[in-house]
Amino acid sequence: MMSVGLRHLVFFSATLLFIVACSQSETNTEIQVDESAKSLNEAAIVTFIEGRMDVAFGQIWSDQQNAEQFVTDFWTPDAVAIASDGPTAWSGYGELVPLIREFMAAYPRITAEPVYTKVVDEDVAYQFAQFIFYPADPEDKPVPAKSLYVWLKIDGQWKIAADHFSYTLMDTPTIAK
């Protein structure tokens, strides 16, 4: 037979193990809830950024042909754009607006497709996208292109801070499938 002191020790140990197990379960549940919330937040950010692309390239580029609004609504004031086929870098609204104005004149309609968007944190994301530029001259062939954007959330607005583009399409990365 167990002594009273030993029974109390066993009871106390079992109770302590139960409490530790329950608190560990709560901690695991909190981690799962945090991860679920983070995942939902990331999905919301991706959806929001992709929606901004639809507005930018659909309404403002193809429908309104407004280079200034396109740049100021969707790019940071110090954004940089480069192309893989040359050394030129365009930065800031003063250089980006004329660049986009030239593109809009040459290619009045564009289709944009986000290929893969990755949220780095609540204020930073990057995105691979591809485009088809439709020339003003219907005799010319459409031009494919792709971009890698860096998106920043500044004053509550998601804007492009950097763009590296080239004139070819891309395969979908396996991580995005």
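Residues numbered from 1 in each chain as written. Predicted model: local features only at pLDDT ≥ 70, side-chain atom pairs only at ≥ 80, totals over all residues. Heavy atoms only, no water.

**Student:** Where do I start with the pairing of strand E1 (residues 75-83) in this structure?
**Tutor:** Bridge analysis of E1 against strand E6 (residues 157-166) gives five bridges, and the strand direction is parallel. Bridge pairing links Trp 75 to Ile 160 in E6. Two elements, E1 and strand E2 (residues 89-91), share three bridges in a ladder whose sense is antiparallel. Looking at the pairing, Ile 82 lines up with Ala 89 of E2. Taking the residues that link successive antiparallel strands as the turn, the E1-E2 hairpin has five residues. (Pairing = 2+ DSSP bridges. Helix = DSSP H or I, 4+ residues; strand = E, 2+ residues; numbered from the N terminus.)

**Student:** Could you clarify how one ought to interpret the side chain of Ser 62 in this entry?
**Tutor:** Considering the arrangement of structural elements, one finds Ser 62 in helix H1 (residues 4-64). Among the polar contacts made by the side chain of Ser 62, one reaches the main-chain carbonyl oxygen of Phe 57 at a distance of 3.0 Å. Not counting the four nearest positions on each side in its chain, Ser 62 is found in contact with Phe 57, Pro 108, Arg 109 and Ile 110. (Polar contact = N/O pair within 3.5 Å; in protein donor to acceptor, adjacent residues only side chain to side chain. Contact = heavy atoms within 4.5 Å.)

**Student:** Any chance you could explain the packing of aromatic side chains here in plain terms?
**Tutor:** Each aromatic ring pair is described using two quantities: the centre-to-centre distance and the angle formed by the ring planes. This model, assessed by the stated rule, comprises 18 aromatic pairs. Between Phe 165 and Tyr 167 the ring centres are 5.8 Å apart and the planes differ by 85°, which places this aromatic pair in the edge-to-face class. Looking at Phe 165, the relative accessible area reads 9%, which means it is buried. For Tyr 167, a relative accessible area of 38% gives the class partly exposed. (Phe/Tyr/Trp six-rings, centres within 6.5 Å; stacked < 30°, edge-to-face > 60°. Buried < 20%, exposed > 50% of the residue type's maximum accessible area, 1.4 Å probe, protein only.)

**Student:** When you look at a nonpolar patch on the surface in this model, what are you seeing that I'm missing?
**Tutor:** Taken together, the side chains of Val 120, Tyr 126, Leu 148 and Val 150 make up a nonpolar region of the molecular surface, amounting to roughly 290 Å² of accessible area. Following the sequence through the fold, Tyr 126 ends up in strand E4 (residues 124-134). (Patch = residues over 30% accessible without salt bridge, like charges linked within 9 Å, V, L, I, M, F, W, Y side chains within 5 Å. Areas by Shrake-Rupley, 256 points an atom, 1.4 Å probe, with all protein chains shown as cover. Salt bridge = Lys/Arg side-chain N within 4 Å of Asp/Glu carboxyl O.)

**Student:** So what exactly am I meant to see when it comes to helix H3 (residues 92-106) here?
**Tutor:** Note: α-helices contain 3.6 residues per turn, so residues at a spacing of three or four share the same orientation. Taking 1.5 Å per residue, 15 residues should reach 21 Å; H3 reaches 21 Å between its end C-alpha atoms and fits that length. Among all positions in H3, only Gly 92, Leu 96, Val 97, Leu 99, Ile 100, Phe 103 and Met 104 are buried. (Expected span 1.5 Å × (residues − 1).)

**Student:** Is there a simple way to explain the environment of Ile 110 in this structure?
**Tutor:** In this fold, Ile 110 is placed in strand E3 (residues 109-121). For Ile 110, a relative accessible area of 4% puts it in the buried group. On a C-alpha basis, the gap between Ile 110 and Tyr 134 in space is 5.9 Å, while along the polypeptide they are 24 residues apart.

**Student:** Hey, could you run me through the nonpolar core in this one?
**Tutor:** Formed by 36 residues in total, the largest nonpolar core has its most connected members in Phe 57, Trp 61, Phe 70, Trp 75, Phe 131, Phe 133 and Trp 151. Of all the elements in the fold, those that place two or more residues in this core are H1, helix H2 (67-74), E1, H3, E3, E4, strand E5 (143-154) and E6. In terms of residue count, H1 provides more of this core than any other element does, eight residues in total. (Core = buried A, V, L, I, M, F, W, Y, C linked by side-chain atoms within 4.5 Å.)

**Student:** Hey, could you run me through unusual backbone geometry in this one?
**Tutor:** Look at Gln 65: it is not a glycine, yet its phi comes out positive at around 55°. For Gln 65, the position within the fold is in the loop between H1 and H2. Phi at Asp 155 takes a positive value of approximately 50°, unusual for a residue other than glycine. The residue Asp 155 is located in the loop between E5 and E6 in this model.

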